[in-house]
Amino acid sequence: MLITGAASGMGRLYAERCVAEGAKAVILWDRDGAALAQTAAILTERSNGLTRIAPYVVDIADLGAIAQTAQRVRTEIGNPDVVINNAGIVRGKYFWEHDNGADTRPTMQINALAPMYITREFLPAMIASGWRESRIVNIASAAGTLSNPRMSVYAASKAALIGWSDSLRLELVQQGHGQVKVTTVCPSYIDTGMFEGARGPLLTPLMTPEYVVDRVWRAMLAGKPQLLLPWTVSLSKVLRGVLPLAAWDTVAGRVFGVYRSMDRWVGRG
């Protein structure tokens, strides 16, 4: 199993779950070498030698680094049966406050392009197996289904991820590669440092990381095509589809408070 953004936060929790479930090998990708080494050491101790922990320092905003590291993984570990595209960044500000180089480009590279590049590296072997069950899990966001102030570029990156991820799912089904299943995950705000200060809309409290990891894990095992968390994300999709835009803006902005949810964001990018 390969996990991006695995040195901390949700990525580390996914890695811990892998070890707890007895995975043969857990491949950790992250750009923070110090945090990655610490996480790898902890996971190695917990695994009692039953799970191979393989950390790789890699900046997934760099296509060349992805290609080189993927080749190392194939040579040193083998092709993973599961890829969890977890790494992501957010910039909580108005679009005109984004710097093209420091904000917009890395957001699109890490959130949207990197999952495509990484999956492309490992998918051919998953398809070629012919019978072995494989999984691709793409961690998108409810922001990719719903416009929101101070999240313009982030929302764009996650909308792109959702469109690609579900299209890939359909392509695999259409071409008879049903052993490879794609799960697209669209959570609302999670109580992590990434979204510190964000306020959950009405009926949408901040979810604990542990709860989300458990739901994603179960959806992955079942090969569930899409996971929307919490239930209000599904409700918002329905309302957005049936209400006129002006009416939806009133409901989302004044009733549910979606459009003010990032006003106090102070999280890490």
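Presented here is an overview of the structure given in this document. Keep in mind that this is a model prediction, so the values were computed, not measured. Along each chain, residue indices are assigned from 1 in the same order as the chain's sequence is written. Only residues with pLDDT of at least 70 get local features here, since the model is predicted, and only at 80 or more are side-chain atom pairs given and counted; chain-wide, interface and lining totals rely on the full set of residues. The basis for every side-chain value is the complete set of non-hydrogen atoms in the structure, without hydrogens or water.

### Observations regarding the overall build of the protein chain
Each helix corresponds to a stretch of at least 4 residues labelled H or I by DSSP, and each strand to a stretch of at least 2 residues labelled E; elements are numbered beginning at the N terminus. On a plain count of helices and strands, the protein chain comes out with eight helices and seven strands. Computation of the radius of gyration draws on C-alpha atoms, with the globule rule given as 2.2 Å multiplied by the number of residues to the power 0.38. Whereas a compact globule of 269 residues would reach a radius of gyration of roughly 18 Å, the protein chain reaches 18 Å, a difference of no more than 12%. In terms of principal-axis extent, the alpha carbons of the protein chain reach across some 55 × 40 × 35 Å. A simple rule labels every residue: compare its accessible area, found with a 1.4 Å probe on the protein chains alone, to the largest value its type can have, and call it buried under 20%, exposed over 50%, or partly exposed in between. The buried share of the protein chain, taken over its 269 residues, is 50%. Every residue pair with non-hydrogen atoms within 4.5 Å of one another is taken to be in contact. The long-range share in the protein chain, meaning contacts at least 24 apart out of those at least 6 apart in sequence, stands at 71%. To be clear on the numbers: accessible area is Shrake-Rupley with a 1.4 Å probe, and residue cover counts the displayed protein chains and nothing else. Only carbon and sulfur atoms are counted for the fraction: they give 56% of the accessible area of the protein chain, which is about 12400 Å².

### Here we look at the sheet that holds strand β5 (residues 134–139)
In spatial order, the strands read β3-β2-β1-β4-β5-β6-β7; together these seven strands make up an open sheet with parallel pairing. Each edge of the open sheet is held by one strand with a lone partner, namely β3 (52–57) and β7 (226–229). Strand-to-strand twist in this sheet, taken as the mean axis angle between neighbours without regard to direction, amounts to 15°. Relative to β3, strand β2 (residues 25–30) runs parallel, the two being bridged by six bridges. Considered in β3, the bridge of Trp29 is made with Tyr56. Note on geometry: axes are lines fitted to C-alpha atoms, helical ones only across the stretch in contact, with angles between N-to-C directions running from 0 to 180 degrees. Sitting on the sheet, helix α7 (residues 231–242) touches β6 (180–187) and β7, and the angle it makes with β7 is about 100°. Strands are treated as partners if at least two bridges between them are detected by DSSP.

### With respect to a nonpolar patch on the surface
Residues qualify for a patch when their relative accessible area is over 30% and they have no salt bridge, like charges being joined within 9 Å and the nonpolar side chains of Val, Leu, Ile, Met, Phe, Trp and Tyr within 5 Å. Any Lys or Arg side-chain nitrogen located within 4 Å of an Asp or Glu carboxyl oxygen qualifies as a salt bridge. Among the surface-exposed residues, Leu202, Leu203, Trp231 and Val255 lie close enough to one another that they form a single nonpolar patch of about 420 Å² accessible area. On the secondary structure map, Val255 appears in helix α8 (residues 245–255).

### Thoughts on the side chain of Thr39
Tracing the chain through its elements places Thr39 in helix α2 (residues 33–47). Those residues within four positions of Thr39 in sequence are excluded, and the remaining contacts are Ala6, Ala7, Arg12 and Leu28.

### Describing the packing of helix α4 (residues 100–128) against helix α5 (residues 152–174)
Contact geometry for α4 and α5: axes closest at 8 Å, N-to-C directions at 15°. The angle between the axes of α4 and α5 places the two elements in the roughly parallel class. Crossing of α4 against α5: the hand is right-handed. Residues Thr104, Thr107, Met108, Asn111, Ala112, Pro115, Met116, Thr119, Leu123 and Ile127 of α4 form the contact with α5, whose own contacting residues are Val153, Tyr154, Ala156, Ser157, Lys158, Ala160, Leu161, Trp164, Leu168 and Leu172. Throughout, the ten residues Ala, Val, Leu, Ile, Met, Phe, Trp, Tyr, Cys and Pro are labelled nonpolar, Asp, Glu, Lys and Arg are labelled charged, and all others, Gly among them, are labelled polar. Grouping the amino acids of the contact of α4 with α5 by side-chain chemistry returns 14 nonpolar, five polar and one charged. Oblique is the label for every angle not falling under 35 degrees (roughly parallel), over 145 degrees (roughly antiparallel), or within 65 to 115 degrees (roughly perpendicular). Two helices that cross are described as forming a left-handed crossing if the nearer one is turned anticlockwise from the farther one by less than a right angle, and a right-handed crossing if clockwise.

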